[in-house]
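These are the residues of each chain, in order.
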Amino acid sequence: MTHSFNIFRKNIVVILFLIGLVTLLPVKNAKPATFLQDFHITWSDSHIKQLDGGKGIQLLLDQNSGCGFASKSKYLFGRVSMKIKLIPGDSAGTVTAFYMNSDNGNVRDELDFEFLGNRTGQPYSVQTNVYAHGKGDREQRVNLWFDPAADFHDYSILWNHHHVVFSVEEVPIRVYKNNEAKGIPYPKSQPMGIYSTLWEADDWATRGGLEKIDWSKAPFYAYYKDFDIEGCPAPGPSACASSQANWWEGSGYQQLDSVAARRYRWVRLNHMVYDYCTDKQRNPIKPPECMDGV
């Protein structure tokens, strides 16, 4: 009996030790419990409504105002994602934007997702853009291959020392490589915040501004949930951003693997509708970063 009790006691000690060890380990991919843990409203708080105890939000656009929110911190490298359900039906002239921005004027770095509204029955386009050291005008547009207003879909930006990858449901739709060795600017030294806005842009958003917003369909709603930020906060430990131990700097994230590369080619061949690299009217001489694939 005494022997059995001693074994039982030892097992309890081991279990308690393991429980304590687990509580000390960092939690990977931990998402905020609520929107307000990592974000704050920056524009028209009357047009943003928290849902499901703050785990999701609703953005509203009407003739009075759009709205927007931003992360409480800035980050230098990492990955950010959120699930978005876009405006259904006739959304022409509206833009739902999800982007990163260093917010320092004419030398800013910026990584953009802009979802361009459409007339009912037409495909939704997503425009991406990259600003590095204040230089932008690198737009690409892709028609989404599903209805992004029917359900939530995951949109993410991976940013490391090697490239920036824009993904939709884990499918890469845009890659911007680090070609600093060729004298091409790359965002690597300015921490960026995460932002999102819903606003009117019918002077350019749908068919170059030919399709205007129909205010009789207002108000327009977009929905967000599952906010996930993994990166080096700034201000924060200076060694974080340069550490090769960060998972997003690992060998598996320094270039697209074979599956991701195949999906990327599929998107570009079948769903790309505009690429600044091939716009000879805007760029008679192909931009240098386009020579190496963008």
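In this report, the structure presented in the accompanying data block is examined. (Residues numbered from 1 in each chain as written. Predicted model: local features only at pLDDT ≥ 70, side-chain atom pairs only at ≥ 80, totals over all residues. Heavy atoms only, no water.)

Examining the layout of surface pockets
Space left empty within the atom packing is revealed by a probe, the size of a water molecule, rolled over the atoms. For clarity, the cut-off: Put plainly, a pocket is an open set of points on a 1 Å grid over the protein atoms alone with protein on both sides within 12 Å along at least five of seven lines, a cavity is a set where a 1.4 Å probe fits but cannot get out, and a lining residue has an atom within 4 Å of a point. Grid points are joined across faces, edges and corners, and a volume is the space filled by probe spheres set on the points. Secondary structure elements are defined from DSSP: runs of H or I of at least 4 residues count as helices, runs of E of at least 2 residues count as strands, and each element is numbered from the N terminus. Charged residues are taken to be Asp, Glu, Lys and Arg, nonpolar residues to be Ala, Val, Leu, Ile, Met, Phe, Trp, Tyr, Cys and Pro, and polar residues to be all remaining types, Gly included.
In this structure, the largest pocket occupies an estimated 440 Å³ of space. Elements with a contribution of two residues or more to the lining of the largest pocket: β10 (153–159), β11 (163–168) and α3 (258–270). Grouping the amino acids of the lining of the largest pocket by side-chain chemistry returns nine nonpolar, six polar and six charged.

Details of the packing of aromatic side chains
Worth spelling out the cut-off: Aromatic contacts are taken between Phe, Tyr and Trp rings whose centres are within 6.5 Å, Trp giving its six-membered ring; a plane angle under 30 degrees counts as stacked, one over 60 as edge-to-face, and the others as tilted. Buried, partly exposed and exposed residues are distinguished by accessible area as a fraction of the type maximum, computed with a 1.4 Å probe on protein chains only: under 20%, between the cut-offs, and over 50%, respectively. By the criterion adopted, a ring carries a charge over it if an Arg CZ or a Lys NZ lies within 6 Å of its centre and within 35 degrees of its normal.
Counted under the stated rule, the structure contains 21 aromatic pairs. Seen in terms of ring centroids, Phe113 and Phe166 are 5.4 Å apart; in terms of plane orientation they differ by 90 degrees. Their pairing is edge-to-face. Taken as a pair, Phe113 in strand β7 (residues 110–116) and Phe166 in strand β11 lie far apart in primary sequence, 53 residues in all. Relative to Tyr155, the ring of Phe115 lies with its centre 4.7 Å away and its plane at 65 degrees, an arrangement referred to as edge-to-face. Residue Phe115 is located in strand β7, and its partner Tyr155 is located in strand β10; the two are separated by 40 residues in the primary sequence. The burial state of Phe115 is the same as that of Tyr155; both residues are buried. Three or more aromatic residues joined by ring pairs make a cluster, and in this case those are Phe35, Phe39, Phe69, Tyr224 and Phe227. Positioned above the aromatic ring of Tyr131, the side-chain terminus of Arg108 is 4.1 Å from the ring centre. Just above the ring of Phe152 sits the side chain of Lys225; from NZ or CZ to the centre is 4.5 Å.

Comments concerning empty space enclosed by the protein
One pass over the structure, following the stated rule, counts one cavity of 30 Å³ or more. If you add up the space inside the largest cavity, you get close to 50 Å³. Along its surface, the largest cavity is lined by Tyr75, Phe77, Gly78, Arg79, Val80, Met100, Trp159, Ile194, Ile229, Glu230 and Gly231. Secondary structure elements with two or more residues in the lining of the largest cavity: β5 (74–85) and β14 (220–234). Here the residues of the lining of the largest cavity are counted per class, giving seven nonpolar, two polar and two charged.

Description of unusual backbone geometry
A cis amide bond links Ala218 to the next residue, Pro219, at an omega of 0 degrees. Tracing the chain through its elements places Pro219 in the loop between β13 (193–200) and β14. In this chain, Ala234 is followed by Pro235 through a cis amide linkage whose omega measures 5 degrees. Topologically, Pro235 is positioned in the loop between β14 and α3.

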